[in-house]
Amino acid sequence: MYTVVGATKSRAMRVMWMLEEIGQPYTHIACGPRSDEAKKYNPSGKIPALIDGDDVLTDSVAIMHYLADKHGALTAPAGTPARARQDALTFWLIDEMDAILWAAAKHSFVFPQEQRVPEIKDSLKAEFARSASILSERIEGPYLIGDSVTVPDLLATHCINWSIGAGFPRVDDKLGNWAKSMRDRPAFKAAATKEG
Ligand SMILES: N[C@@H](CCC(=O)N[C@@H](CS)C(=O)NCC(=O)O)C(=O)O
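Residues numbered from 1 in each chain as written. Predicted model: local features only at pLDDT ≥ 70, side-chain atom pairs only at ≥ 80, totals over all residues.

Under an unreviewed UniProt entry, the name given to the chain is GST N-terminal domain-containing protein, and the source organism is marine sediment metagenome.

A. Spotlight on the environment of Thr27. Mapping Thr27 onto the fold places it in strand 2 (residues 26–29). For Thr27, a count of 10 C-beta atoms within 10 Å corresponds to the exposed category. Along the primary structure Thr27 and Leu57 are separated by 30 residues, whereas in three dimensions their C-alpha atoms are 15 Å apart. What Thr27 contacts, discounting residues up to four positions off in sequence, is Met1 and Thr3. (Helix = DSSP H or I, 4+ residues; strand = E, 2+ residues; numbered from the N terminus. Buried ≥ 20, exposed ≤ 12 C-beta atoms within 10 Å, placed from the backbone. Contact = placed C-beta atoms within 7 Å.)

B. View of the UniProt feature "domain: GST N-terminal" (unreviewed entry) in the chain. If you check UniProt for "domain: GST N-terminal" (unreviewed entry), the listed places come out as residues 1–75 in our numbering. Secondary structure within residues 1–75 divides into 37% helix and 21% strand; the distance between the first and last C-alpha atoms comes to 22 Å. (UniProt positions renumbered as here; feature names shortened; annotations may be inferred.)

C. Highlighting the UniProt feature "domain: GST C-terminal" (unreviewed entry) in the chain. Here the UniProt feature "domain: GST C-terminal" (unreviewed entry) sits at residues 79–196. For residues 79–196, the end-to-end C-alpha separation is 37 Å, with 69% helix and 0% strand making up the annotated structure.

D. Here's a closer look at unusual backbone geometry. Here the residue pair Ile47 and Pro48 is connected by a cis peptide bond, since its omega of 10 degrees sits within 30 degrees of zero. Looking at where Pro48 falls in the secondary structure, it is placed in the loop between helix 2 (36–41) and strand 3 (49–52). Positive phi is not limited to glycine here, since Arg34 has a value of about 65 degrees. By secondary structure assignment, the location of Arg34 is in the loop between strand 2 and helix 2. The phi dihedral of Asp59 is positive, around 80 degrees, even though this residue is not glycine. Structurally, Asp59 is set in the loop between strand 4 (55–58) and helix 3 (60–71). When the 16 C-beta atoms within 10 Å are taken as the criterion, Asp59 is described as partly exposed.

Given below as structure tokens:
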């Protein structure tokens with residue numbers, strides 16, 4: 001049985017959603033970033049972590065790929081051009097969405113007060129809006145790639161949800177409706193309603 005370490009309202013949600021999608025049971029340690037509990041599993045205090053037997057794995061996207069490869073789900077097979085294209089989209093989302101949201105978080109509440117530069121947030125919001133338009137244009141079907149859900153669908157939806165929570169401008173209706181359809185998935189709802 002897997003154990004997910006990290007609060008539901010953090011990047012741990014990505015891992016919980018992934019586990020729900022692939023139908024794997026898990027227990028949940030709902031601790032916050034930098035908490036003593038988080039540091040037991042990752043000395044940096046960063047969440048999420050995944051406990052799988054004797055192994056403790058870190059980084060939400062690394063964990064999602066680990067689970068996708070291990071269970072042969074939500075991914076193109078490793079070592080194929082299809083996987084390289086999928087990975088390119090995943091890394092684009094990390095660069096162009098996750099990193100922007102994380103920078104905004106750092107300048108809102110993560111950094112000590114004296115290191116925050118709140119003025120940077122307008123520029124980050126504009127950058128995120130550009131990324132959201134690019135992503136919106138690329139959506140053709142129910143999923144970002146092909147006819148089935150893959151890791152980047154979960155990552156993109158999580159980033160869009162995060163942008164809403166962070167008070168970023170709304171994404172366009174096409175992308176917003178797509179994200180809503182992802183949030184309507186039973187696996188998303190099961191993970192999102194976990195306590196903590
Ligand atoms: N790239 C990592 C980022 C992990 C991360 O920064 N998580 C945040 C919470 S969502 C955290 O633990 N922040 C505490 C810190 O950076 O000290 C991932 O995707 O797991």
